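# Coordinate inspection notes
One letter stands for each residue in the lines below.
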Amino acid sequence: MSIQQHPVSVNILGKEYKIICAENEQEDLIASAQQLDHQMREIRLSGKVAGAERVAVLAALNLSVELQQSKQNSPPDSSSLGEHLNKLYLKIETALKTV
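So, a few notes on the structure that sits alongside this text. Bear in mind the structure is a predicted one, so any value in this text is a computation, not a measurement.

Next up on the list: the overall build of the chain. Looking only at helices and strands, the chain features three helices and two strands. Helices (α) and strands (β) of the chain occur, in sequence order from the N terminus, as β-β-α-α-α. When burial is assessed residue by residue, the chain has 32% of its 99 residues classed as buried. Of the contacts formed within the chain by residues at least 6 apart in sequence, a portion of 40% connects residues at least 24 apart. Taken as a whole, the chain presents about 6900 Å² of accessible surface, with 53% of it coming from carbon and sulfur.

The next thing to look at is the pattern of salt bridges. Scanning the model with the defined rule gives two salt bridges in all. Of the charged contacts in the structure, one is a salt bridge between Lys 18 and Glu 16, with a shortest N-O distance of 3.7 Å. You can call Lys 18 exposed: its relative accessible area is 60%. Between Asp 37 and Arg 41 there is a salt bridge whose closest N-O contact spans 2.9 Å. Of this pair, Asp 37 and Arg 41 both sit in helix H1 (residues 26–46), four residues apart, roughly one helical turn. With a relative accessible area of 32%, Arg 41 lands in the partly exposed category.

Counting residues in each nonpolar core, the largest one holds 21 residues, and the members touching the most others are Val 10, Ile 12, Leu 36, Met 40, Val 55 and Leu 96. When residues of this core are traced back to their parent elements, those giving at least two are strand S1 (5–12), strand S2 (15–22), H1, helix H2 (52–73) and helix H3 (79–96).

Our focus in this paragraph is H1. Helix length check: H1 (21 residues) gives 30 Å between terminal C-alpha atoms against 30 Å at 1.5 Å per residue, within 8%. Within H1, the full set of buried residues consists of Leu 29, Ser 32, Ala 33, Leu 36, Asp 37, Gln 39, Met 40 and Ile 43. Seen end-on, H1 carries its buried residues on one side only, within an arc spanning 165 degrees. The outward face of H1, more than 90 degrees from its buried face, is lined by the exposed residues Glu 27, Gln 34 and Leu 45. Phi turns positive one or two residues past the end of H1, at Gly 47, with a value near 75 degrees.

A word on the side chain of Glu 25. Relative to the helices and strands, Glu 25 resides in the loop between S2 and H1. Look past the residues within four positions of Glu 25 in its chain and what remains in contact with it is Lys 87 and Lys 91.

Conventions and cut-offs
Residues numbered from 1 in each chain as written. Predicted model: local features only at pLDDT ≥ 70, side-chain atom pairs only at ≥ 80, totals over all residues. Heavy atoms only, no water. Helix = DSSP H or I, 4+ residues; strand = E, 2+ residues; numbered from the N terminus. Buried < 20%, exposed > 50% of the residue type's maximum accessible area, 1.4 Å probe, protein only. Contact = heavy atoms within 4.5 Å. Areas by Shrake-Rupley, 256 points an atom, 1.4 Å probe, with all protein chains shown as cover. Salt bridge = Lys/Arg side-chain N within 4 Å of Asp/Glu carboxyl O. Core = buried A, V, L, I, M, F, W, Y, C linked by side-chain atoms within 4.5 Å. Expected span 1.5 Å × (residues − 1). Arc of directions from axis to C-beta.

Structure follows, in structure tokens:
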């Protein structure tokens, strides 16, 4: 049985992105997009970084550091959580390529 894939619309810095994902991952994708949007807005509001591309790179780097730290601090039996975080990271990375 195949997993149903559906387009999900997310808004990041006022731009809409349609991303195809599995139905059971839509909530996580939306939450991740909201987290990314928040991170990018915080960076942009700091006034230290100009340009959406640079803001996106810094936000992605910040989120990657958080992901890496959570991997290092996770208990050994939480491999499914690590896999889930990796999937989210790849989706964020894919979305950022279009910014």
